[in-house]
Amino acid sequence: MADDVPIADESIRLGQFLKLSSLIDSGSDAKAAIAGGLVTVNGEVETRRGRQLRHGDTVGFDGRSARVTAG
């Protein structure tokens, strides 16, 4: 089950969302995890740190997940 994480805007970049949702602690860790193919968006591996996420997208990392919701 994914945790709901509200965002203030219509979209957020994947790297920022990983930190906001506390799935990853730092930007450098996020960059490495994304580049290493360890992060999924809506069940598919995503390697673009700048990927724009929108409400309803679900991000997974290390057995945990978080869903983008409206703030």
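Residues numbered from 1 in each chain as written. Predicted model: local features only at pLDDT ≥ 70, side-chain atom pairs only at ≥ 80, totals over all residues. Heavy atoms only, no water.

Some points on the pattern of salt bridges
Going by this rule: Whenever Lys or Arg places a side-chain nitrogen within 4 Å of a carboxyl oxygen from Asp or Glu, that contact is recorded as a salt bridge. Each residue is assigned to one of three classes by its accessible area relative to the maximum for its type, calculated with a 1.4 Å probe on protein chains only: buried under 20%, partly exposed between the two thresholds, exposed over 50%.
The final tally for this structure, using the stated rule, is three salt bridges. Note that Glu 46 and Arg 48 form a salt bridge whose closest N and O atoms lie 2.8 Å from each other. Judged by its relative accessible area of 6%, Glu 46 falls in the buried class. A salt bridge links Glu 46 to Arg 51; the shortest N-O distance between them is 2.8 Å. Using a relative accessible area of 22% as the deciding quantity, one classes Arg 51 as partly exposed. Among the charged side chains, a salt-bridge network with shared partners connects Glu 46, Arg 48 and Arg 51.

Focus: helix α2 (residues 27–35)
Selection rule: Secondary structure is summarised from DSSP: a helix means a run of H or I of at least four residues, a strand means a run of E of at least two, and numbering begins at the N terminus for each. Throughout, the arc means that of the directions going from the helix axis to the C-beta atoms. Contact criterion: two residues are considered in contact whenever any of their non-hydrogen atoms come within 4.5 Å of each other.
Considered for burial, the residues of α2 that qualify are Ala 30, Ala 33 and Ile 34. In an axial view of α2, the angular spread of the buried residues amounts to 95°, which keeps them on one side of the axis. Counted as exposed and oriented over 90 degrees from the buried face of α2: Ser 28, Ala 32 and Ala 35. Against α1 (14–20), β3 (39–41) and β6 (58–61) lie the buried residues of α2. Gly 37 sits one or two residues past α2 and shows a positive phi near 75°.

Side note on the pairing of β6
Basically, it comes down to this: Whether two strands pair depends on DSSP finding at least two bridges between them.
Alignment of β3 against β6, held across three bridges, turns out to be antiparallel. Bridge assignment links Val 41 to a residue of β6, and that residue is Val 59. Both β6 and strand β7 (residues 64–70) contribute to a ladder of four bridges, which runs antiparallel. What sits directly across from Val 59, in β7, is Ala 66. In textbook terms, the turn of a hairpin is the stretch between consecutive antiparallel strands, and for β6 and β7 this stretch comprises two residues, one of which, Asp 62, has a positive phi near 55°.

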